[in-house]
Amino acid sequence: NLSNPTMFLLLGFSSAYRAQVTLCLCFSLIYLVTVLGNLFIVTLVCLDAHLHSPMYFFLGHLSFLDICYSSVTLPKILGDSFSPQKTISFVGCITQIYFFLCFGGSECMLLAAMAYDRYLAICHPLHYLILMSKKMCHCLVAISWLSGSFSSLIQAFLTAHLPFCGSNMIDHLFCETPFLLKASCSPSAPLNKAALYVFSGTIAMGSFLLTLTSYVHIITAVLQKGAGMQRAFATCTSHLTVVSLFFGAGAVVYLVPHSSGSKEMDEVLALLYAVVTPMLNPIIYSLRNSEVKGAIRKAL
């Protein structure tokens, strides 16, 4: 009976439920591919002797970082998919911000270290093994982790001390500093916002400039030495694709101003750099890297 209002309510509920199930399945699949894909890369790097080189040492750490990075947000988003009240405690929110910024900042620095590794391999091949020793590799990874941890600790501390006297609703998929600043009623919020952007900008822009400088030297060397260097440059294509995705999505989110009515766009962009990019990294390195493809064939 189409004139029955109960029928319309049931149809609406069924449609909303199907949408929730579809969304939950999509996020579950993305998280599964992210964890298994990156875990597979870490396992290959550890077990295959042909991948025991500085470039793949960094790749293993990048894959581990991607697992941690996506695990900060995706399980909570999945848990909220069927929850009528999507809540998080204040301590849980600050903790999520800390680890999200920590792993994101560490990944920025690690991508810069990988670009520096490619610069030494292409521009200084005779001294590569001396300059990029095992000790140097461990130092660069340690610097990446420490810089991300220190910067995120300060940002989380500043965010935790903001007063919230109005609505306690965050109109976003997960806790992120800009959205907590919007909810704050502190007169010093602009000052805190400036400080937060300085710390996050130092890590992001510093690592981006280091990466850009490395690639300027690499491209200059390739153009000067001609066709003989093009094969060496092919080892950079996977890393360059990952860098473009990661920094490109982050730049759109944090540098492009969004209007108050762009909630859906904010969520799509947040999913791009927080969820989709960690999933694509192992796929990119598997499809575009001949040594990784060889290791996969041997493993299978």
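The rules behind these values
Residues numbered from 1 in each chain as written. Predicted model: local features only at pLDDT ≥ 70, side-chain atom pairs only at ≥ 80, totals over all residues. Heavy atoms only, no water. UniProt positions renumbered as here; feature names shortened; annotations may be inferred. Phe/Tyr/Trp six-rings, centres within 6.5 Å; stacked < 30°, edge-to-face > 60°. Helix = DSSP H or I, 4+ residues; strand = E, 2+ residues; numbered from the N terminus. Buried < 20%, exposed > 50% of the residue type's maximum accessible area, 1.4 Å probe, protein only. Salt bridge = Lys/Arg side-chain N within 4 Å of Asp/Glu carboxyl O. Patch = residues over 30% accessible without salt bridge, like charges linked within 9 Å, V, L, I, M, F, W, Y side chains within 5 Å. Areas by Shrake-Rupley, 256 points an atom, 1.4 Å probe, with all protein chains shown as cover. Disulfide = S-S within 2.5 Å. Contact = heavy atoms within 4.5 Å. Axes fitted to C-alpha atoms, helices over the stretch in contact; angles between N-to-C directions. Parallel < 35°, antiparallel > 145°, perpendicular 65-115°, else oblique. Left-handed = near helix turned anticlockwise from the far one by under 90°. Nonpolar A, V, L, I, M, F, W, Y, C, P; charged D, E, K, R; others polar. 1 Å grid on protein atoms, 1.4 Å probe; cavity = no way out; pocket = protein on both sides within 12 Å on 5 of 7 lines; lining within 4 Å. Points joined across faces, edges and corners; volume = space filled by probe spheres on them.

Taking an unreviewed UniProt entry as the reference, the protein chain is identified by name as Olfactory receptor belonging to Pelecanus crispus. UniProt's Sequence similarities (unreviewed entry) comment on the protein chain is quoted here verbatim: "Belongs to the G-protein coupled receptor 1 family."

**Let's talk about the packing of aromatic side chains**
Taken as a whole and judged by the stated rule, the model has ten aromatic pairs. Relative to tryptophan 145, the ring of phenylalanine 64 lies with its centre 6.3 Å away and its plane at 50 degrees, an arrangement referred to as tilted. Of this pair, phenylalanine 64 sits in helix H2 (residues 54-80) while tryptophan 145 sits in helix H5 (residues 134-160), placing them 81 residues apart in sequence. Taking relative accessible area as the criterion, tryptophan 145 reaches 24% and is therefore assigned partly exposed. Ring pairs connect the aromatic residues Phe64, Tyr98, Phe99, Phe103 and Trp145, which therefore count as one cluster.

**Some remarks on the pattern of salt bridges**
If the charged atoms of two oppositely charged side chains come close together, the side chains can form a pair. All chains considered together, the criterion is met by one salt bridge. Linking aspartate 117 and arginine 118 is a salt bridge whose minimum nitrogen-to-oxygen distance equals 3.0 Å. Side by side, aspartate 117 and arginine 118 carry an identical accessibility label, which is buried.

**Quick notes on a nonpolar patch on the surface**
Together, Met205, Phe208, Leu209, Leu212 and Val216 give the surface a local cluster of nonpolar side chains, amounting to about 430 Å² of exposed area. Structurally, leucine 212 is set in helix H7 (residues 189-225).

**Focus on the state of the cysteines**
Disulfide: a covalent bond formed between the sulfur atoms of two cysteine residues. Summed over all chains, the structure comprises zero disulfides. Left without a disulfide partner, cysteine 139 is nearest to the cysteine sulfur of cysteine 137, which lies 9.4 Å away.

**Focus: the side chain of aspartate 48**
Structurally, aspartate 48 can be placed in the loop between helix H1 (5-47) and H2. Contacts of aspartate 48, omitting those with residues within four sequence positions, involve Ala295 and Lys298.

**Looking at the UniProt feature "transmembrane region" (unreviewed entry) in the protein chain**
When the UniProt feature table is mapped to this numbering, "transmembrane region" (unreviewed entry) covers residues 28-49, 56-77, 97-116, 137-158, 196-220, 232-256 and 268-287. Segment residues 56-77 splits into 100% helix and 0% strand. End C-alpha atoms: 31 Å apart. With 100% helix and 0% strand, residues 97-116 has end C-alpha atoms that lie 29 Å from one another.

**Observations concerning the environment of lysine 298**
With respect to the element layout, lysine 298 can be found in helix H11 (residues 290-299). Along the backbone, lysine 298 and aspartate 48 are 250 residues apart, and their C-alpha atoms lie at a distance of 9.0 Å. Sequence-distant contacts of lysine 298, defined by excluding residues within four places in its chain, comprise Asp48 and His50.

**What about the packing of H2 against helix H3 (residues 90-123)?**
It is at 9 Å that the axes of H2 and H3 come closest, and there the two elements cross at 160 degrees. Comparing their axes, H3 and H2 come out roughly antiparallel. Of the two possible hands of crossing, H2 and H3 adopt the one that is left-handed. Per-class residue counts for the contact of H2 with H3 are 16 nonpolar, five polar and five charged.

**Details of empty space enclosed by the protein**
All told, the structure shown has one cavity of 30 Å³ or more when counted by the stated rule. Space inside the largest cavity adds up to approximately 40 Å³. In this structure, the largest cavity is lined by Met55, Met114, Arg118, Thr235, His239 and Tyr285. Considering only residue class, the lining of the largest cavity consists of three nonpolar, two polar and one charged.

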